[in-house]
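Architecture at a glance
Below, each chain spelled out in residue letters.
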Amino acid sequence: QNNEIGGTLPNGWNSLPLKVLNVNQNEIQGSLPDSWSQMSTLQNLLMNNNGLNGSLPQSWSAMSSMEELDLSHNQMEGSIPESW
């Protein structure tokens, strides 16, 4: 959190057995990777106050372990999957 991490989100993180990912208040840009839908253990994804844009990938509705998702204060659009 608040580490001045910049760049885009890597596709390869989908193979990491993460439960929590907190990259709040950084300088991350771009869209959310579709491949992250394979992160079946991810429960908390905290990415507020970055430069993210686009919409939540439809494939993310398969992330059934998700308990908390914070994408506030980005340039995101669209809706949250009904299955959540």
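Residues numbered from 1 in each chain as written. Predicted model: local features only at pLDDT ≥ 70, side-chain atom pairs only at ≥ 80, totals over all residues. Heavy atoms only, no water.

It is worth spelling out the pairing of strand 5 (residues 51-55) at this point. Note: strand 3 (residues 27-30) against strand 5, 2 bridges, orientation parallel. Bridging from a neighbouring strand, Gln29 pairs with Gly51 of strand 5. (Pairing = 2+ DSSP bridges. Helix = DSSP H or I, 4+ residues; strand = E, 2+ residues; numbered from the N terminus.)

You can see Leu21 is positioned in strand 2 (residues 20-22). Owing to a relative accessible area of 11%, Leu21 belongs among the buried residues under this scheme. Along the sequence, Leu21 and Gln1 sit 20 residues apart, while their C-alpha atoms lie 9.6 Å from each other. Every residue in contact with Leu21, bar those within four places of it in the chain, is listed here: Trp13, Trp36, Leu42, Asn44, Leu45 and Leu46. (Buried < 20%, exposed > 50% of the residue type's maximum accessible area, 1.4 Å probe, protein only. Contact = heavy atoms within 4.5 Å.)

Let's shift gears to the pairing of strand 3. Two elements, strand 1 (residues 6-8) and strand 3, share 3 bridges in a ladder whose sense is parallel. Following the sheet pairing, Gly6 is matched in strand 3 by Glu27.

Reading predicted coordinates in detail is not appropriate for stretches of low pLDDT. Looking at the protein chain as a whole, its pLDDT mean stands at 91, while 98% of the residues score no less than 70. Mean pLDDT values for the elements of the protein chain range from 93 in strand 1 up to 97 in strand 4 (residues 44-46). (pLDDT = per-residue confidence, 0-100.)

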